[in-house]
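Structural overview
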Amino acid sequence: MKKVNLRDLYPDVYKNDYFVEVTEDVLETIRAAERAEAAYDRRMYRYKAYYSLDCDNGIENAILMKPQTPEMLLEEKQLREQLYAAVMALPEKQAKRIYARYYLGMRVSEIATAEGVDQSRVRDSIRRGLKQLAKYF
């Protein structure tokens, strides 16, 4: 049996120290809840989220992810086609590298290893290609 100070757990209710003996299981449950709350606070801070990060029950997720209308789907498809055409209009190496990086999800180091070149060359090539795409759009 371990002693727990209820003032630490419930500072609004207990203004003075009040110790209670609890079993190891109860103490571990309290510690697990404290760790989970601390992890949640860290995620809120890290992602600058001033809203709930829990979307388990679907209510918050439904609000965040509104269903798309047919017009929105058509616009998105046209934009994707334009973007793909613009990428393919780039020089061959830049197009391959941008395609590998953003469409296939490869890391710069993986692309450099596959091509047998230095990572800085791949990084610079992708950067130049993205600048050209920005001019295009």
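Residues numbered from 1 in each chain as written. Predicted model: local features only at pLDDT ≥ 70, side-chain atom pairs only at ≥ 80, totals over all residues. Heavy atoms only, no water.

**A closer look at the overall build of the protein**
This is how it is decided: The secondary structure listing takes helices from DSSP runs of H or I that are at least 4 residues long and strands from runs of E that are at least 2 residues long, numbered from the N terminus. Only protein chains enter the accessibility calculation, which uses a 1.4 Å probe; a residue whose area is less than 20% of its type maximum is buried, one above 50% is exposed, and one in between is partly exposed. Throughout, a residue-residue contact means that at least one pair of heavy atoms, one from each residue, lies within 4.5 Å. Only the protein chains shown count as cover for residues, and the accessible areas themselves come from Shrake-Rupley with a 1.4 Å probe.
If you tally the helices and strands in the protein, you get 7 helices and 2 strands. In sequence order, the secondary structure elements of the protein are arranged as β-α-β-α-α-α-α-α-α. When burial is assessed residue by residue, the protein has 17% of its 137 residues classed as buried. Within the protein, residue pairs in contact and separated by at least 24 positions form 31% of the contacts whose partners lie at least 6 positions apart. With the model as given, the accessible surface of the protein reaches about 11,300 Å², and the carbon-plus-sulfur share is 54%.

**Side note on the packing of helix H6 (residues 108-115) against helix H7 (residues 119-136)**
As a reminder of what qualifies: Geometry is summarised by axes, namely lines fitted to C-alpha atoms with helices restricted to the contacting stretch, and by angles between N-to-C directions that run from 0 to 180 degrees. Working rule for angles: under 35 degrees goes down as roughly parallel, over 145 as roughly antiparallel, 65 to 115 as roughly perpendicular, anything else as oblique. In this scheme, a crossing is called left-handed if the near helix is turned counterclockwise away from the far one by less than a right angle; it is called right-handed if the turn is clockwise. Each residue gets one label: Ala, Val, Leu, Ile, Met, Phe, Trp, Tyr, Cys and Pro are nonpolar, Asp, Glu, Lys and Arg are charged, and the others, such as Gly, are polar.
For the pair H6 and H7, interaxial distance at closest approach is 8 Å and the crossing angle is 115 degrees. In terms of their interaxial angle, H6 and H7 are classed as roughly perpendicular. Here H6 runs over H7; the crossing is right-handed. In contact with Val 108, Ser 109, Ile 111, Ala 112 and Glu 115 of H6, H7 contributes Gln 119, Val 122, Arg 123 and Ile 126. Taken together, the residues of the contact of H6 with H7 break down into 5 nonpolar, 2 polar and 2 charged.

**Considering the nonpolar core**
As a reminder, the rule being used: Here, nonpolar core refers to any group of buried Ala, Val, Leu, Ile, Met, Phe, Trp, Tyr and Cys residues whose side-chain atoms link them within 4.5 Å.
Ala 86, Val 87, Leu 90, Ala 95, Ile 98, Ala 100, Val 108, Ile 111, Ala 112, Val 122, Ile 126 and Leu 133 form the largest nonpolar core, which has 12 residues in total. Dropping the residues within four chain positions of it, Ile 111 is found in contact with Arg 97, Ala 100, Arg 101, Met 106, Val 122 and Ile 126.

**Focus: the environment of Glu 115**
This is how it is decided: In protein, a polar contact means a hydrogen-donor-capable atom and an acceptor-capable atom, both N or O and within 3.5 Å, with residues adjacent in sequence counting only if both atoms are side-chain atoms; elsewhere, any N or O pair within 3.5 Å suffices.
Relative to the helices and strands, Glu 115 is located in helix H6. The class of Glu 115 is partly exposed, set by a relative accessible area of 35%. Put simply, Glu 115 and Arg 97 are 18 residues apart on the chain and 9.6 Å apart in space, counted from C-alpha to C-alpha. Sequence-distant contacts of Glu 115, defined by excluding residues within four places in its chain, comprise Arg 97 and Val 122. Here the side chain of Glu 115 touches Arg 97 through a polar contact of 2.7 Å, side chain to side chain.

**So, the packing of aromatic side chains**
This is how it is decided: Pairing of aromatic rings covers Phe, Tyr and Trp, the last through its six-membered ring, and needs centres within 6.5 Å; plane angles under 30 degrees mean stacked, over 60 mean edge-to-face, and all others mean tilted. Whether a charge sits over a ring depends on NZ of Lys or CZ of Arg being within 6 Å of the ring centre and within 35 degrees of the ring normal.
The final tally for this structure, using the stated rule, is 4 aromatic pairs. Where Tyr 14 meets Tyr 18, the ring centres are 5.6 Å apart and the plane angle is 15 degrees; that geometry is what we call stacked. Centre to centre, the rings of Tyr 84 and Tyr 103 are 6.0 Å apart; their planes meet at 85 degrees, and the pair counts as edge-to-face. One end of the pair, Tyr 84, is in helix H4 (residues 70-88); the other, Tyr 103, is in helix H5 (residues 92-103), and 19 residues separate them in sequence. One aromatic cluster is present, built from ring pairs that chain together Tyr 84, Tyr 99 and Tyr 103. Note that Arg 101 overlies the ring of Tyr 102, its terminal NZ or CZ placed 5.5 Å from the centroid.

**With respect to the confidence of the model for the protein**
Put simply, the rule reads: Every residue gets a pLDDT, meaning the predictor's confidence in that residue, from 0 to 100.
Across the protein, the average pLDDT comes to 85, with 88% of residues at 70 or higher. By mean pLDDT, the top-scoring element of the protein is H6 (93), and the lowest-scoring one is helix H3 (residues 59-64) (61).

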